[in-house]
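Survey of secondary and tertiary structure
As a plain string of letters, each chain reads:
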Amino acid sequence: MPIASVPLSWYLILGAALFWVGLYGLLASRALIRTLMSIALMLNAVVLNLVAFARFVEPARTAGKTFALIVYAIAAAQAALGLALLIAVRRPHSTVAVEGTDVLNRAPRVVDEGKR
Amino acid sequence: MFEQIVFLVFAVFALVAAIKVVTTPRISHAVLWLMSCFFGVAVLYLLLDSPFMAGIQLLIYTGGVAVLIGVASVVLRGAAREAQRRVTHSWPASIVALSLFLLMAWMTLELPLPEAPQAANPEGSLALLGAALVDPAGYLLPFELIGVLLLVLLVGALYLGKER
């Protein structure tokens, strides 16, 4: 197995960059789908950091990769639940014009209207 | 040297793809950029001597999460189309994200981090990982809990998505 010659700090900086790009998307986006994508980006950056630390600091142990696997499970859960929530938020407006889009700004009101 | 070039190429690829995800106006394009970003990160896992994580990344992120979001964008086609007209660039958000990134990059460069891995990957590290996941003294409890979490989540997602 070759020893990787890329310094650890490069991976950490890339992870930070991906994470804050995801945060920018989360803050700036008006579309609920895009916020889901931003959260996936942020989780992905976290996994990159975990795997890099696992490789550089403790190659003989398994803690880092185990945490990475658990974050993967959380990411899959987030995507599945996010899709279900999108559909649930959208349903009350399925017959009218698409107002369920920028739910990010006024999610409580939209959901309440659906319940009434 | 070769590895550094490969790292830089795929790091820039992943970063550009990530920026396109949050800036491109079309949701369908954003999903494809998201897949590209995940693919670029998977190549970096190969560079980290972690082919298992690279495979998991391709299976779960590119094949699962991104495809699921793509399906969501098709199911909610009207919503996605409506949202395209409302893509806005937010200066406050970009200032917050950029300044926090610069802070974090500065901290990373200040820390005494290893330049190279402290040891080569042991043979059969995947078998070690598998054994640790089902070892009561290792990570059996988190492993079982994550299984229960996924089950509860499936039921919850079915309930939320049910017609009523």
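Presented here is a report on the structure given in the accompanying data block. (Residues numbered from 1 in each chain as written. Chains lettered and ligands numbered in written order. Predicted model: local features only at pLDDT ≥ 70, side-chain atom pairs only at ≥ 80, totals over all residues. Heavy atoms only, no water.)

Here we take up the overall build of chain B. A tally of helices and strands in chain B yields seven helices and zero strands. Reading the secondary structure of chain B in the N-to-C direction produces α-α-α-α-α-α-α. The principal-axis extent of the C-alpha atoms belonging to chain B is close to 50 × 40 × 25 Å. Residues classed as buried in chain B amount to 37% of the 164 residues present. Here the analysis covers contacts within chain B between residues at least 6 apart in sequence; of these, 51% occur between residues at least 24 apart. Carbon and sulfur atoms make up 75% of the accessible area of chain B, which totals about 9,400 Å². (Helix = DSSP H or I, 4+ residues; strand = E, 2+ residues; numbered from the N terminus. Buried < 20%, exposed > 50% of the residue type's maximum accessible area, 1.4 Å probe, protein only. Contact = heavy atoms within 4.5 Å. Areas by Shrake-Rupley, 256 points an atom, 1.4 Å probe, with all protein chains shown as cover.)

Time to look at the interface of chain B and chain A. Residue-level contacts link 88 residues of chain B with 73 residues of chain A. Both faces considered, chain B and chain A share a buried interface measuring about 7,600 Å² in area, 75% of it formed by carbon and sulfur atoms. Inspection of the region where chain B meets chain A yields one salt bridge. For D49 of chain B, the salt bridge is made with R55 of chain A, and the minimal N-O distance between the two is 3.3 Å. Counting the contacts that link chain B with chain A gives nine residue pairs in polar contact (both at pLDDT 80 or more). Going through the elements one at a time, α1 (2-23), α2 (27-47), α3 (51-75), α4 (77-84), α5 (91-110), α6 (125-133) and α7 (140-161) of chain B are the ones with two or more residues in the side of chain B that touches chain A. Its residues assigned to classes, the side of chain B that touches chain A shows 64 nonpolar, 16 polar and eight charged. (Buried area = accessible area lost by both parts, 1.4 Å probe. Salt bridge = Lys/Arg side-chain N within 4 Å of Asp/Glu carboxyl O. Polar contact = N/O pair within 3.5 Å; in protein donor to acceptor, adjacent residues only side chain to side chain. Nonpolar A, V, L, I, M, F, W, Y, C, P; charged D, E, K, R; others polar.)

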